[in-house]
Amino acid sequence: MKSYKLGAWCALVLAASPVHAQTVVDLRTQSKSVDFSQASSTKPSRTGTTLPASCAVGETFLKTNATPGQNVYVCTAANVWSMQGNALPGITGSSGAVLSNDGTSLHWQGLGGDVSGTPSAVTVNRIGGRNVSTAPPSSGQALTWDGTQWKPQSPALNSVFGRTGTVTPQNGDYQASQVTNAVDKTTANTYTAGAKQTFVPSGSQAGLQITPAALPNTPQSGDVVIDTADSNHPKVFDGTGWVSLVPLANYSVDFTAQTTVTIPGTTHKLNTANLIVDCYDNATPAKRVEPDSVTIDPATFDVTVTFAMPQSGRIVLNASGGNAAGGGAVMTVFGRAGVVTAQSGDYDFSQIAGTIGNAQLGTGIDAAKIGAGAVTNTAFGYLANVSSDLQNQLNGKAALTHSHTAAGDVTGDLLSTTVVGLRNRPLSGAMPSGGQVLTWNAGTLQWEPQTFAGGGVGMAAQLGDLNVARTSATTLTVGANCSVATPCNVRVGGVVYSIINPATVTLSAGTGTAYLYVSVSGVLTAGHNLTLTCSAGCAAQSGITGFPLNSVPLYTWTATSGTWDATGGADSRAFLSAKALTAGTGIIAVDAGPQTTIAVDSATVPTYLTAAATLDFPSIATGACAADLTFPLAGAAPGDAVAAAWPSALEDGLIGTMRVSAANTVAVRLCNFSGDALNPASASYRGTIVRSF
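Since the model is a prediction, treat every value here as computed from it, not as a measurement.

S.K.: Honestly, the overall build of the protein chain in this entry has me stumped. Any pointers?
M.R.: Counting its regular elements, the protein chain contains six helices and 47 strands. Taken over 693 residues, the protein chain has a buried fraction of 20%. The long-range share in the protein chain, meaning contacts at least 24 apart out of those at least 6 apart in sequence, stands at 43%. As displayed, the protein chain offers around 46400 Å² of accessible surface, 55% of which is attributable to carbon and sulfur atoms.

So, in structure tokens, the structure goes:
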């Protein structure tokens with residue numbers, strides 16, 4: 001057998017073949033080993049976007065439209081393609097996570113357990129599942145378990161009081177102040193000057209407590225105790241006796257028109273039943289008043305003072321009586337010290353309680369009969385010849401000894417009556433001025449003194465027109481006196497509007513302010529930020545927080561929690577009004593009698609005249625101008641300067657001008673300097689004239 005080099009063999013085959021046929025080499029049988037490492041390209045697998053319907057075991061296929069890493073398939077059985085590799089989960093939103101599996105599938109998993117963070121920045125938060133403190137350690141410290149977490153702490157002491165090993169107690173190891181609750185109760189402790197023990201109380205526990213007890217039998221000077229026999233008052237032994245440390249001060253309370261006044265012991269806090277009780281009236285200077293009775297509860301120390309008739313004034317409690325039975329000594333009486341003798345004026349008759357007995361009056365006068373008002377000539381005996389006038393006066397006086405207090409529209413005693421109302425309507429207590437008359441004020445719901453000049457209104461606030469009154473807790477009445485016969489007129493500009501019916505504004509909820517006004521169109525309006533309704537002839541406008549522009553203000557009224565405030569009204573009406581107009585830059589204001597004319601100042605603000613039209617010029621030879629075309633511009637006058645606006649698509653080489661060729665007419669001229677003939681397209685041309693005179 002002859003052998004040939006591959007190159008010579010290929011040449012032989014080509015030379016012997018009369019046609020250009022392909023030579024197929026079967027690498028499987030015609031090569032011993034194949035090295036494609038130096039090949040410019042290789043394709044060991046079939047490729048495509050769809051797996052072939054049939055395949056033989058061992059074939060490979062590259063699916064070009066599959067996700068990279070999931071696009072290599074191997075034929076593992078006849079006509080069965082199997083993808084090589086596992087599908088990875090998506091990486092979006094998994095920054096810092098690591099790829100893990102749960103035995104079934106792959107997934108991205110963040111670090112957890114005793115550590116946190118990302119693989120490139122791991123933080124150890126626990127050791128064996130036990131927390132580690134975030135506190136920074138100091139030099140020489142070690143992680144020590146504190147019962148909750150591992151924490152950097154200094155190592156335990158290896159010596160005590162400078163001694164190592166087994167340390168036995170020695171004198172001087174501790175001072176008493178260094179040992180908690182280490183007080184030696186078997187002997188007294190002596191502290192030098194400056195020694196202190198500070199007790200700090202908390203919200204639930206006090207800092208110092210001395211157990212209350214009875215006073216000791218053998219005290220020493222300086223001893224302090226809490227005396228259980230004296231309402232737990234603190235006391236100190238001064239070497240001779242016990243001195244109370246509780247100051248016994250006075251306590252006073254005012255009262256008005258009362259027959260019984262009770263002052264609880266928890267209120268006056270004098271903590272003793274041995275009290276001196278004094279009563280004074282409201283006079284200047286105050287006079288002492290004798291009560292009908294005074295009782296002091298020995299357990300609660302409550303003080304009860306009663307009067308025979310209603311009294312007003314002040315009650316003073318004095319605890320200077322201390323613990324001595326019967327109270328302390330009276331130091332002064334009526335401002336006089338020492339032995340006090342009776343003087344005229346010490347008491348008024350009204351300050352003496354009880355009744356007068358026969359023994360307290362002169363002989364022959366029967367006090368009981370005088371009190372009953374049944375005195376007769378026979379009873380007087382020795383006054384049998386006294387005229388009946390005296391008897392009648394005595395009988396009349398006796399009949400008035402009982403209290404007859406006036407009520408209703410009047411107050412006071414029947415012999416000293418004050419009128420405080422008219423027909424059950426309150427009367428103001430204000431002092432009237434000369435010429436004033438009583439006038440009903442619907443805002444305060446009372447008769448008040450007000451001034452009327454010549455029978456007319458003296459002040460705008462007294463106008464009846466469109467007055468606003470609080471007629472109930474939830475209702476305001478506007479213009480109660482407005483009627484056809486007496487209309488409430490409001491002028492807005494040159495128009496007068498007549499309101500002939502009252503209106504009511506009813507509040508249902510809210511806290512805020514209502515603004516009552518007549519709008520520029522003459523409508524009675526209740527502007528508000530509340531919840532309310534307005535009756536016929538009135539409009540409710542929400543979202544109003546002030547009087548609108550060009551409105552006529554009437555009133556504001558405040559409300560709280562769904563109720564009109566009793567004194568919440570404020571009158572904004574005005575009998576006279578004016579509005580000043582000042583011309584600004586570019587504006588002219590000309591007054592002509594009652595009329596003001598507002599105009600634009602053409603010397604400052606220019607006038608613009610503008611117009612546009614579609615023009616179609618004919619073909620224009622180079623170097624020539626077309627005949628003028630015109631369009632109307634109202635107001636244009638010969639000589640006016642025209643600002644031209646040319647079409648955006650005007651052909652290159654065309655130059656134009658605009659001028660006012662006649663009244664209300666603008667002429668447009670186009671000239672061609674392009675070098676060739678041009679036929680301009682039909683387009684829109686605009687001219688503008690600016691005047692400032």
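There's more to say after this.
S.K.: Is there a simple way to explain the layout of surface pockets in this structure?
M.R.: A water-sized probe rolled over the atoms picks out the places where empty space is left. Of the volumes computed, that of the second largest pocket is approximately 1100 Å³. Contributing to the lining of the second largest pocket are 26 residues, with Arg 491, Val 492, Val 552, Ser 577 and Ala 578 lying nearest its centre. Mapped onto the lining of the second largest pocket, the elements with two or more residues apiece are strand E31 (488-492) and strand E38 (552-560). Considering every element that reaches the lining of the second largest pocket, the biggest residue donor is E31, with five residues.

S.K.: Help me understand the packing of aromatic side chains in this model?
M.R.: In the structure shown here, the tally under the stated rule is ten aromatic pairs. Ring plane angle 20° and centroid distance 6.1 Å describe the contact between Tyr 555 and Trp 557, whose orientation is recorded as stacked. Judged by relative accessible area, which is 8%, Tyr 555 ranks as buried. Centroid distance Trp 646 to Tyr 685: 6.0 Å. Interplanar angle 90°. Geometry classified as edge-to-face. With Trp 646 in the loop between strand E44 (643-645) and strand E45 (654-662) and Tyr 685 in strand E47 (residues 683-691), the pair connects residues that are 39 residues apart, well separated along the chain. On the accessibility criterion, Trp 646 (32% relative accessible area) is partly exposed. Classification of Tyr 685 as buried rests on a relative accessible area of 0%. An aromatic cluster is present here, built from Tyr 515, Tyr 517 and Phe 547 joined pairwise through their rings.

S.K.: Looking at this structure, how should I read the sheet that holds strand E13 (residues 224-227)?
M.R.: Note: strands within a sheet are paired through backbone hydrogen bonds, in either parallel or antiparallel orientation. Strand order in the open sheet formed by three strands is E13-E14-E15, and the pairing between neighbours is antiparallel. The open sheet is flanked by E13 and strand E15 (242-244), the only strands paired with a single partner. Taken over all neighbouring pairs, the strand axes of this sheet differ in orientation by 35° on average, direction set aside.

S.K.: Quick question: what am I supposed to make of the state of the cysteines here?
M.R.: The term disulfide refers to a covalent linkage connecting the sulfur atoms of a pair of cysteines. Summed over all chains, the structure comprises four disulfides. A sulfur-sulfur separation of 2.0 Å characterises the disulfide bridge that pairs Cys 55 with Cys 75. Residues Cys 55 and Cys 75 are joined through a disulfide that is right-handed, its torsion about the S-S bond being 70°. A residue pair is termed long-range when its members are at least 10 positions apart, and Cys 55 in the loop between strand E1 (46-48) and strand E2 (60-63) and Cys 75 in strand E3 (residues 72-77) qualify at 20 residues. The disulfide partner of Cys 534 is Cys 538, and the gap between their sulfur atoms is 1.8 Å. Note on the Cys 534 and Cys 538 pair: the S-S dihedral is about 75°, so by sign convention the disulfide is right-handed. Assessed through its relative accessible area of 19%, Cys 534 is described here as buried. On the accessibility criterion, Cys 538 (13% relative accessible area) is buried.

S.K.: For this particular structure, what's the right way to read the sheet that holds strand E36 (residues 531-534)?
M.R.: The four strands are arranged E29-E30-E33-E36 in an open sheet whose pairing can be described as antiparallel. Strands with a single pairing partner mark the edges of an open sheet, and in this sheet they are strand E29 (468-472) and E36. Pairs of neighbouring strands in the sheet enclose a mean axial angle of 25°, with direction left out of account. Pairing of strand E30 (residues 475-478) with strand E33 (residues 503-509), which is carried by four bridges, proceeds in the antiparallel orientation. Pairing of Leu 476 across the sheet is with Val 505, part of E33.

Procedures and definitions
Residues numbered from 1 in each chain as written. Predicted model: local features only at pLDDT ≥ 70, side-chain atom pairs only at ≥ 80, totals over all residues. Heavy atoms only, no water. Helix = DSSP H or I, 4+ residues; strand = E, 2+ residues; numbered from the N terminus. Buried < 20%, exposed > 50% of the residue type's maximum accessible area, 1.4 Å probe, protein only. Contact = heavy atoms within 4.5 Å. Areas by Shrake-Rupley, 256 points an atom, 1.4 Å probe, with all protein chains shown as cover. 1 Å grid on protein atoms, 1.4 Å probe; cavity = no way out; pocket = protein on both sides within 12 Å on 5 of 7 lines; lining within 4 Å. Points joined across faces, edges and corners; volume = space filled by probe spheres on them. Phe/Tyr/Trp six-rings, centres within 6.5 Å; stacked < 30°, edge-to-face > 60°. Pairing = 2+ DSSP bridges. Axes fitted to C-alpha atoms, helices over the stretch in contact; angles between N-to-C directions. Disulfide = S-S within 2.5 Å.

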